[in-house]
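Listed here are the chains, written in short residue letters.
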Amino acid sequence: MDDRWLEVTLPVPADRLNRVCDILTANGMAGLVVEEEGDFLRFLEQNRQYWDYVDEGLAQRMKGASRVKFYVPDNEEGRRQLRQYLSGLEEYEPQTVSLREEDWATSWQKYYQPIPVGRRVYIVPDWMRGQRVPEGRVPLYLNPGLTFGTGAHPTTQLCLELLEEVLRPGDRVLDLGCGSGILAIAALALGASQAVGVDIDPKAADVAFENAALNGIGPDRLSVYAGDVLTDKKLAAKLGPGQNRVVLANIVADVIIPLSAKAGAFLTPDGVFLTSGIIDGRQEEVKAALEANGFTVTKHLERGGWHAFQARQ
C-alpha cells in the first residue's frame with residue numbers, strides 16, 4: 001500500500017497570517033506553504049510568458065484566498081502531530097486532503113518556474129536543472145522546499161536588479177538579513193569574490209549553505225553568521241569593517257533605518273548600500289535616515305507597492 005500524506009489547509013485572515021505561522025512554527029511545524037491571492041496573482045502575471053500553460057482554475061481557487069498549508073503522515077502518528085501543531089489555533093477549522101506520497105512530493109512544485117530577474121539573473125528551481133538557460137543570463141539554482149514565492153517577491157527582485165547594476169568582478173559583498181542567502185549567492189554567481197551574510201535566525205546559515213552548494217559555492221567564498229549586528233559589537237567586527245564594496249539590506253523599514261547609521265562603517269570608500277523591503281508609505285522616512293547618516297540616494301526603484309534604494313557615501 002502506498003504511503004499517504006495529509007495536506008492540511010488553514011484558511012486564515014490576511015492580518016493574522018504571521019501570528020498563525022509563528023504558532024505553527026513554535027509548535028514544531030517547519031515546512032509551511034503560505035498562499036495569498038495578491039502574491040500569487042502577481043507571480044502568475046509577471047511570469048506568464050514562462051509558463052507552458054496558465055492554470056485559470058488554480059487562479060480562481062486563489063481568489064480572495066489567504067491560507068497556510070502543511071503536510072503530515074496520513075496515520076495515527078500524523079494525526080497526533082497535527083493536534084500538536086494546531087495547539088492554540090482551535091479557532092481555525094483545518095481542511096484535509098489525503099495524498100499519495102508521489103503526489104505530495106510534487107504537488108507544490110507547480111508553483112515554481114524559472115524566473116528571469118533584471119538583465120542577467122535567472123532563478124531556477126533545482127529540480128529543473130539541465131533545462132536551457134537563456135543566453136546572457138546567469139542561473140541561480142535554489143531548492144524552495146515548502147515555501148512559496150522564492151525569488152518572485154518584488155523586494156528580492158528590486159534588490160537583485162540594483163545588485164547586478166553596481167557589482168564589479170572581485171567585489172566583497174555583505175548581506176545584512178541574508179535569510180536563505182539568495183542575494184549573497186547571486187552576488188557570487190555574478191562575479192563577487194567573497195560574500196558574508198548575517199541573520200538573526202540561527203537556522204539561516206544551514207539554508208544559505210545548502211542553497212550555495214546547489215550553485216557550486218562553498219564556505220571558502222560564503223560565510224554566514226547568526227546575530228544582531230545592531231547590538232553585537234563582536235559580530236560587527238567579523239563582517240569586514242571598511243572592506244565591503246556592496247552592503248545589502250533587504251529587510252523592513254524599521255530595521256533599515258537604524259542600520260543606516262551602521263552600514264557606512266562596513267563599506268569601502270567607493271561602496272554602495274542597497275536597501276529593499278520598504279513598504280509603500282515608509283520610503284521617505286528611510287530616505288531621510290539614509291541622508292541623515294551621510295548617504296546620497298542615487299537610485300530609487302518601486303514595484304508593486306515596495307521600494308528599494310541605491311545609496312552612496
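Above this note sits the structure.
Residues numbered from 1 in each chain as written. Predicted model: local features only at pLDDT ≥ 70, side-chain atom pairs only at ≥ 80, totals over all residues. Heavy atoms only, no water.

1. Brief notes about the pairing of strand β9 (residues 194–199)
Point 1. Within β9, 5 of the 6 residues are buried, which leaves the element mostly enclosed by the surrounding structure.
Point 2. One ladder, built from 5 bridges, connects strand β8 (residues 172–176) with β9; its direction is parallel. The residue of β9 that forms the bridge with Asp175 is Gly197.
Point 3. As a crossover connection, the stretch from β8 through helix α7 (residues 182–189) into β9 is right-handed.
Point 4. Sheet analysis places β9 next to strand β10 (residues 222–226), joined by 5 bridges and oriented parallel. Bridge pairing links Val196 to Ser223 in β10.
Point 5. Running through helix α8 (residues 204–214), the crossover from β9 to the neighbouring parallel element β10 is right-handed. (Buried < 20%, exposed > 50% of the residue type's maximum accessible area, 1.4 Å probe, protein only. Helix = DSSP H or I, 4+ residues; strand = E, 2+ residues; numbered from the N terminus. Pairing = 2+ DSSP bridges. Right-handed = clockwise from strand over helix to strand, strands pointing away.)

2. Brief notes about the packing of aromatic side chains
Point 1. By the definition in use, this model includes 2 aromatic pairs.
Point 2. Judged by centre distance (6.0 Å) and plane angle (90°), the rings of Phe70 and Tyr85 are edge-to-face. With a gap of 15 residues between them, Phe70 in strand β3 (residues 66–73) and Tyr85 in helix α4 (residues 76–85) connect regions that are remote in the sequence.
Point 3. Judged by relative accessible area, which is 0%, Phe70 ranks as buried.
Point 4. Both rings, one in Phe273 and one in Phe295, keep their centres 5.4 Å apart while their planes meet at 40°; by these two values the pair is tilted. Separated by 22 residues along the polypeptide, Phe273 in strand β12 (residues 267–279) and Phe295 in the loop between α11 (283–292) and β13 (296–303) bring together distant segments of the chain.
Point 5. Judged by its relative accessible area of 0%, Phe273 is buried.
Point 6. Across from the ring centre of Tyr141, 4.1 Å away, lies the NZ or CZ of Arg129, which sits over that ring. (Phe/Tyr/Trp six-rings, centres within 6.5 Å; stacked < 30°, edge-to-face > 60°. Lys NZ or Arg CZ within 6 Å of the ring centre and 35° of its normal.)

3. What about the environment of Gly136?
Point 1. Relative to the helices and strands, Gly136 resides in the loop between β6 (121–125) and β7 (138–142).
Point 2. Judged by relative accessible area, Gly136 falls into the exposed class, the value being 55%.
Point 3. On a C-alpha basis, the gap between Gly136 and Val121 in space is 8.9 Å, while along the polypeptide they are 15 residues apart.
Point 4. In this structure Gly136 touches Arg119 and Arg120, once residues within four positions along its chain are discounted. (Contact = heavy atoms within 4.5 Å.)

4. Notes on the sheet that holds strand β14 (residues 306–312)
Point 1. Strand order in this open sheet of 7 strands is β10-β9-β8-β11-β12-β14-β13, and the pairing throughout is mixed. Each edge of the open sheet carries a strand with a single partner, namely β10 and β13. Across the sheet, the axes of successive neighbouring strands diverge by a mean angle of 15°, strand direction being ignored.
Point 2. Sitting on the sheet, helix α6 (residues 154–166) is in contact with β11 (244–250), β12, β13 and β14, with an inclination near 25° to β14.
Point 3. Of the strands in this sheet, β12, β13 and β14 are in contact with α11, which crosses β14 at around 10°. (Axes fitted to C-alpha atoms, helices over the stretch in contact; angles between N-to-C directions.)

5. Some words on the sheet that holds β7
Sheets are built from strands paired through backbone hydrogen bonds, the pairs being either parallel or antiparallel.
Point 1. Strand order in the open sheet made by the 3 strands is β5-β6-β7, with mixed pairing throughout. Across the chains shown, the open sheet's two edge strands, defined by having one partner strand only, are β5 (115–117) and β7. Each strand of the sheet is rotated relative to its neighbour by a mean of 25°, with strand direction disregarded.
Point 2. As paired strands, β5 and β6 are joined by 3 bridges and run antiparallel to one another. Pairing of Ile115 across the sheet is with Ile123, part of β6.
Point 3. On the sheet, α6 packs against β5 and β6 and is oriented at approximately 50° with respect to β5.

6. Observations regarding the pairing of strand β1 (residues 4–11)
Point 1. With 6 bridges joining them, β1 and strand β4 (residues 95–100) adopt antiparallel strand pairing. Bridging across to β4, Leu6 finds its partner in Ser98.
Point 2. Sheet topology note: the β1/β3 ladder contains 7 bridges and is antiparallel. Pairing of Pro11 across the sheet is with Arg67, part of β3.

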